[in-house]
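# Structural characterization, general
Spelled out from the first residue to the last, the chains are:
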Amino acid sequence: MKAVTVRDREAGLAGMTLEELPYPHAVENDVVVQVHAAGFTRGELEWPATWTDRAGRDRTPSVPGHELSGVVVGLGFGTTGLSVGQRVFGMADWARDGSLAEYVAVEARNLAPLPADLDHAIGAALPISGLTAWQGLFDHGRLTTGQTVLIHGVTGAVGSLAAQLAREAGARVIGTGRSSSRDAATSLGVDAFVDLENEELEDTGPVDLVFDVIGGEVLDRSAALVSPGGTLVSVAAPPKVLPTNGRAIFFVVEPDRARLADLAQRVREGRIAPAVGRVLPLSDATAAFQPTSPARGRTIIRVAE
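Here we summarise the structure given alongside this text. (Residues numbered from 1 in each chain as written. Predicted model: local features only at pLDDT ≥ 70, side-chain atom pairs only at ≥ 80, totals over all residues. Heavy atoms only, no water.)

### Examining the overall build of the protein
The secondary structure content of the protein amounts to seven helices and 15 strands. A compact globule built from 305 residues would reach a C-alpha radius of gyration of about 19 Å, and the protein, at 19 Å, matches this within 12%. Along the three orthogonal principal directions, the C-alpha set of the protein runs to about 55 × 40 × 35 Å. A burial count over the protein gives 51% of its 305 residues as buried. Across the protein, the fraction of contacts at a sequence separation of at least 24, relative to all contacts at a separation of at least 6, is 63%. For the protein, the computed accessible surface area is about 13200 Å², with 50% contributed by carbon and sulfur atoms. Looking at charge distribution, the protein has the averaged site of its 27 positive side-chain charges lying 3 Å from that of its 37 negative ones. (Helix = DSSP H or I, 4+ residues; strand = E, 2+ residues; numbered from the N terminus. Rg over C-alpha atoms; globule rule 2.2 N^0.38 Å. Buried < 20%, exposed > 50% of the residue type's maximum accessible area, 1.4 Å probe, protein only. Contact = heavy atoms within 4.5 Å. Areas by Shrake-Rupley, 256 points an atom, 1.4 Å probe, with all protein chains shown as cover. Lys, Arg positive; Asp, Glu negative; His and termini not counted. Charge placed at Lys NZ, Arg CZ, Asp CG, Glu CD.)

This is how it looks when you write it as structure tokens:
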């Protein structure tokens with residue numbers, strides 16, 4: 001099968017190639033999926049799990065990409081809940097070969113059925129962004145109706161879904177971003193927008209929840225904005241500055257089949273919409289990791305029709 005691979009950690013993107021790899025083997029509780037569309041995170045080559053398995057052993061050549069949408073073509077021993085020929089979407093394991101390939105072996109529990117009326121590009125754009133948004137807001141942030149949430153990077157893949165989910169839950173949403181993002185933030189229905197380049201973050205006042213996807217100085221400054229009993233949640237880095245009389249949480253998104261199915265239903269009903277940008281062929285995946293200009297929405301790799 002064809003797959004995008006990396007072999008040399010020092011070479012980084014320069015060592016990324018499209019090559020032939022053996023067809024994947026489904027171990028116990030796995031399924032093999034023919035990948036129709038795949039998503040990736042540009043920082044993947046900096047993750048230790050891209051280069052080593054859970055025991056710390058070198059696992060190159062590695063296949064990047066951890067979001068996928070496709071069709072089940074094989075079942076491992078003992079696999080239940082999914083069947084051959086079924087349309088599915090979800091997350092590939094962090095420490096195993098990923099989705100930028102024609103086929104991938106995935107733990108069945110990481111996948112959910114993809115409704116017939118959702119395109120595979122949507123299926124590939126939803127898993128990590130959608131689950132991160134949900135888990136950050138509700139599982140870790142405990143956001144409830146009537147509260148105020150400040151979402152950094154509100155027009156990004158995670159931030160835009162977080163804004164939509166928070167508004168649907170009845171929360172007041174303040175979004176942040178660059179000045180060029182104001183119109184896009186307004187289209188998401190945020191109650192207020194802070195231009196981090198020209199406006200004072202501290203003027204937003206106390207909030208019940210800060211949801212950060214940026215890190216750095218913005219994360220440090222956000223601790224002072226959390227009201228007593230509130231929460232600072234980040235997926236960018238563990239907070240170094242802690243809120244006074246509040247909680248601070250760093251988390252990594254986890255697979256959740258039931259929540260994936262719920263998010264897909266919300267998309268079908270028009271309640272949320274993942275931001276899909278360019279859709280490129282597998283042969284352009286290497287270039288997609290290093291774009292020459294900023295792209296609006298998630299770049300998705302179309303692997304099979």
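Now that the structure has been shown, we can carry on.
### Quick look at the environment of E202
Among the secondary structure elements, E202 is positioned in the loop between β10 (192-195) and β11 (207-212). Overall, E202 belongs to the partly exposed group, its relative accessible area being 39%. Here the alpha-carbon distance between E202 and A224, two residues 22 residues apart in the chain, equals 8.1 Å. If sequence neighbours within four positions are ignored, E202 has contacts with R221 and L225.

### Quick notes on the sheet that holds strand β8 (residues 148-151)
Taken in spatial order, the six strands make up an open sheet running β10-β9-β8-β11-β12-β13, and their pairing is parallel. The strands lining the two open edges of the sheet, one partner per strand, are β10 and β13 (247-250). With strand direction ignored, the average angle separating the axes of adjacent strands in the sheet is 15 degrees. Two elements, strand β12 (residues 226-234) and β13, share four bridges in a ladder whose sense is parallel. Note that in β13 the partner of T231 across the bridge is R247. Contacts from helix α2 (residues 127-140) reach β8, β11, β12 and β13, with the element oriented near 150 degrees to β11. Across the sheet, helix α3 (residues 157-168) touches β8, β9 (172-177) and β11, and the angle it forms with β8 is around 170 degrees. (Pairing = 2+ DSSP bridges. Axes fitted to C-alpha atoms, helices over the stretch in contact; angles between N-to-C directions.)

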